Amino acid sequence: MSFTYKDNNLGVSQSENFFSLSSFSKNHDEPFYIYDLDGIVERFNVFKSGFSSLENNLRVHYAMKANSNKIVLSALKKEGARVDVVSLGEIKLALSCGFEPADIVFSGVGKSVKEITEALKLGIYQINIESVAELERIGSIASQLGVVAPVAVRFNPDVNPETHPYITTGFRENKFGLNFSEIPRIDDVKKKFNDNIRLQGLSIHIGSQIRNNTSFVDALEKTLKHLYLLEKNKCWNIQSLDIGGGVGIHYDNPDAYSDHELMQDYSSKMVEALSGVNSAIDIICEPGRVIVGRFGCLMTKVEYIKQNEFKNFAIVNSGMHHLMRPCLYNAQHTILPVVKVDGPCKQVLYDVVGPICESSDVVGHDRLLPELQQGDWLGVMDAGAYGFVMASHYNQHELPQEIVVQNGQVIFS
Ligand code: LLP
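Note that the structure is a prediction, hence the values are computed from the model and not measured. (Residues numbered from 1 in each chain as written. Predicted model: local features only at pLDDT ≥ 70, side-chain atom pairs only at ≥ 80, totals over all residues. Heavy atoms only, no water.)

Enquirer: Even after reading the chapter, I still don't get the sheet that holds strand β3 (residues 17-20), so can you show me in this structure?
Expert: Across a sheet, strands are paired by hydrogen bonds formed along the backbone, either parallel or antiparallel in direction. Here we have 3 strands laid out as an open sheet, ordered β1-β2-β3, and antiparallel in their pairing. Strand pairing shows two members of the sheet lacking a second neighbour, β1 (3-6) and β3, which therefore form its edges. For this sheet, the mean inter-axis angle between neighbouring strands, taken without regard to orientation, is 50 degrees. Of the strand pairs in this sheet, strand β2 (residues 9-14) and β3 are connected by 4 bridges, and their pairing is antiparallel. Note on β3: the bridge partner recorded for Gln-14 is Asn-17. (Pairing = 2+ DSSP bridges. Helix = DSSP H or I, 4+ residues; strand = E, 2+ residues; numbered from the N terminus. Axes fitted to C-alpha atoms, helices over the stretch in contact; angles between N-to-C directions.)

Right, dumping it as structure tokens:
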């Protein structure tokens, strides 16, 4: 599975089938995202298998913010995934793709009255709260509705994983989660709304694109100390432990399978750290990027080649409005020619830039590519996570299309 070259043509390789991107893009003018659905499904199962020795019930809640294409969501549902959502919009989308309310964990720091009301009416599996004020709000809505709100408390374990500061969430200065020292305040709110709140779990999520798995262990161990204490506390009725998402991928290694070692290391460290947890407790995980990141490519066409004394620019028809990651996090996505030249060819150093009226609109700085011409297609790789979902109409451009390939065939466009 995944994107590779065959006879110098970039394409999607799926078992015996090869879907050629150059043949497909011939009939297109506009940029588009293309997803390898077989790769996504395989990756989901590899991720899950890492936890097979866990005696607890494992619930994999795919973080649908990473890629919420309906075909992708429906395929993951068929594989037994559940979802982690962060808005009412995501709840509605998940339901429309076949997920049940009982499949939904609702995360996020800013849930509105409307979102909480709808979630409680639907009877979702769990709301992960991020502040005492949110618990108050949930308690009061649940008592008006006459329901019991299933709540897990997201803690901020104060670890600082080595990732981009914009996607670090478990450090004490981040807006996410509660401090362990706030447990007495949580207990007070629980007492106030006793019949309408069930404190059923603990949750953590320390950030995204983390490749140093020891930070996950540090965060989990800090949380487990409190879990063991809270299990004895009469206020809490612990049934779940949510270990979050955040597992990274190797954007710097073109081989998608190179992620497997990192994933295996992650799951074995987590399983080991979880070995003391009562097997009646559900273990929830919320992977996003690691499931879909590798299996999406943003296809873009060269509009112009432009040179000045300092730079060669390849001006393409996609950019920060379709893939925010390079400009927002200085993310380095590999850029590949869709057709490779046979034999030796002139290589040129390009800044691959988009059409948006900002100098931040760079898809890739200083990329050594075979000499390009107007009309050539390029693939911006590893764009399956946080790509299309973060796209906008900035400068009033169209959104890119999304195309899904399965068994070597386009099944959605
Ligand atoms: N759970 C929660 C509560 C989250 O906030 C996130 C991601 C995840 C799970 C999934 O994390 P993952 O496994 O995908 O790392 N736009 C950024 C990433 C933002 C991540 C936000 N939260 C990027 O393009 O790198």
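Text resumes after the structure shown.
Enquirer: Where do I start with the environment of Leu-229 in this structure?
Expert: One can find Leu-229 in helix α8 (residues 213-231). Judged by relative accessible area, which is 57%, Leu-229 ranks as exposed. A C-alpha to C-alpha distance of 16 Å links Leu-229 and Ala-280, two positions 51 residues apart in sequence. (Buried < 20%, exposed > 50% of the residue type's maximum accessible area, 1.4 Å probe, protein only.)

Enquirer: Would you mind going over the sheet that holds strand β12 (residues 282-285) with me for this structure?
Expert: Strand order around the closed barrel formed by 8 strands is β5-β6-β7-β8-β9-β10-β11-β12, with parallel pairing between neighbours. Going from strand to strand, the sheet's axes swing by 30 degrees on average, the running direction of each strand aside. The pairing of strand β11 (residues 236-242) with β12 spans 3 bridges and is parallel. Across the sheet, the residue bridging to Ser-240 is Asp-282, located in β12. Of the strands in this sheet, β9 (149-154), β10 (197-203) and β11 touch helix α7 (residues 183-192), which is tilted by about 155 degrees from β10. (Contact = heavy atoms within 4.5 Å.)

Enquirer: Any chance you could explain the site of the ligand here in plain terms?
Expert: Inspection of the region around the ligand gives 19 residues, with Ser-208, Glu-286, Arg-325, Tyr-329 and Tyr-386 positioned closest. Contacts to the ligand include Lys-65, whose side-chain N or O atom sits 3.5 Å from an oxygen atom. Separating an oxygen atom of the ligand from a backbone N or O atom of Gly-246 is a distance of 2.8 Å. In the complex, the protein chains occlude 91% of the 590 Å² of accessible area that the ligand would expose alone. (Near = heavy atom within 4 Å. Polar contact = N/O pair within 3.5 Å; in protein donor to acceptor, adjacent residues only side chain to side chain. Areas by Shrake-Rupley, 256 points an atom, 1.4 Å probe, with all protein chains shown as cover.)

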